[in-house]
Amino acid sequence: MTDQNDFEIVASVFTQFLESNKHRKTPERYTILKEIYKQKDHFDIDTLFAYMNSKNYRVSKATLYNTIELLLESGLVRRHQFGQNQAYFEKSYFDKQHDHLIIEDTGEVIEFCDPRVQLIKKTIEDVFKVSIHKHSLVFYGTKKEPDDKKS
Ligand SMILES: [Zn+2]
């Protein structure tokens, strides 16, 4: 998501959020937002911190944590737990709704989108007369051995 128009859209969403919550609009916060929207994958704070350092941005880890919190609150970033202690993040503004499959032996994260999840959500909303605004679904598995004994 390196497209300039896309960045302008998320930046204006962020500006609205910062202004209406009386947070300061520091250039560091926008730099972090921009770099996060360049990430194609899920990332953790340490990886992002190393990445920012490698690009010579002078951003402290405290600022990073603080900005991630604001981005979570504003809905521009999503947090995932994926079973380990470490939290993973991903940009969420333009992304289609998707869920995750973790391959535990390799740590690989696969994204999938199954429309039946929306159906379940709709059913639960109808049955319990609620409005659901988020969900979390993660499958954990291991790769199956290739079945080479039967050849
Ligand atoms: Zn994802």
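Residues numbered from 1 in each chain as written. Predicted model: local features only at pLDDT ≥ 70, side-chain atom pairs only at ≥ 80, totals over all residues. Heavy atoms only, no water.

**Some points on the overall build of the chain**
Convention followed: Each helix corresponds to a stretch of at least 4 residues labelled H or I by DSSP, and each strand to a stretch of at least 2 residues labelled E; elements are numbered beginning at the N terminus. With C-alpha atoms as the basis for the radius of gyration, the globule rule is written as 2.2 Å multiplied by the number of residues raised to the power 0.38.
Across its full length, the chain holds 5 helices and 5 strands. Moving toward the C terminus, one meets the helices and strands of the chain in the order α-α-α-α-β-β-β-β-α-β. Against the compact-globule benchmark of 15 Å for 151 residues, the chain has a radius of gyration of 19 Å, which places it well outside the compact range. Viewed in the frame of its principal axes, the chain has a C-alpha envelope of about 60 × 45 × 30 Å.

**Some remarks on the coordination of the zinc ion**
Operational definition: Nitrogen, oxygen and sulfur within 2.8 Å of a metal are treated as its donors, or within 3.2 Å for sodium, potassium and calcium (Na, K, Ca); water is not counted, so a site can appear incomplete. A four-donor site is classed as tetrahedral when every donor-metal-donor angle falls between 85 and 135 degrees; four donors are called square planar, and six octahedral, when trans pairs exceed 155 degrees and all remaining angles lie between 65 and 115, with any other arrangement labelled irregular. Burial classes follow relative accessibility: with a 1.4 Å probe on protein chains only, a residue under 20% of its type's maximum area counts as buried, one over 50% as exposed, and anything between as partly exposed.
With distances of 2.0 to 2.5 Å, the protein atoms coordinating the zinc ion are H42 (NE2), E90 (OE), E90 (OE), H98 (NE2), H100 (NE2) and E111 (OE). In this structure, the zinc ion is surrounded by 6 donor atoms whose angles at the metal cover 53 to 167°, and the resulting shape is irregular. Summarised as a motif, the one-chain spacing of the donors to the zinc ion is H-x47-E-x7-H-x1-H-x10-E. One end of the pair, E90, is in strand β2 (residues 88–91); the other, H100, is in strand β3 (residues 99–103), and 10 residues separate them in sequence. Judged by relative accessible area, which is 2%, H100 ranks as buried.

**Concerning the sheet that holds strand β4 (residues 108–112)**
Applied cut-off: Pairing between two strands is assigned when DSSP locates at least 2 bridges connecting them. Axis geometry follows a simple rule: fit a line to the C-alpha atoms, using only the stretch in contact for helices, then measure angles between N-to-C directions, giving values from 0 to 180 degrees.
Reading across from one edge, β4-β3-β5 is the order of the 3 strands in this open sheet, with mixed pairing throughout. Here the strands that pair on one side only, and so sit at the sheet edges, are β4 and β5 (138–141). Put simply, the sheet's adjacent strands are angled 25° from each other on average, direction ignored. Sheet analysis places β3 next to β5, joined by 4 bridges and oriented parallel. Bridge assignment links I102 to a residue of β5, and that residue is Y140.

**Observations regarding the domain arrangement of the chain**
Note the cut-off: Marked domain ranges trace back to an automatic or database domain assignment. Whether two residues are in contact is decided by their heavy atoms: any pair within 4.5 Å suffices. Values labelled buried area give the accessible surface lost by two parts on being combined, using a 1.4 Å probe and summing over both. Definition used for salt bridges: Asp or Glu carboxyl oxygen within 4 Å of a side-chain nitrogen of Lys or Arg. Throughout, the ten residues Ala, Val, Leu, Ile, Met, Phe, Trp, Tyr, Cys and Pro are labelled nonpolar, Asp, Glu, Lys and Arg are labelled charged, and all others, Gly among them, are labelled polar.
The domain architecture assigned to the chain consists of domain 1 (1–95) and domain 2 (97–145). Look at where the C-alpha atoms of domain 1 and domain 2 centre, and you get two points 23 Å apart. At the junction of the two partners, domain 1 supplies 7 residues and domain 2 supplies 8 residues. Approximately 590 Å² of surface area, both sides summed, lies buried where domain 1 meets domain 2, with 60% of it carried by carbon and sulfur atoms. Contact with domain 2 buries surface across domain 1, with H42, F82 and D95 losing the most and accounting together for 66% of the total. Where domain 1 meets domain 2, there are 0 salt bridges. Taken together, the residues that form the side of domain 1 that touches domain 2 break down as 1 nonpolar, 3 polar and 3 charged.

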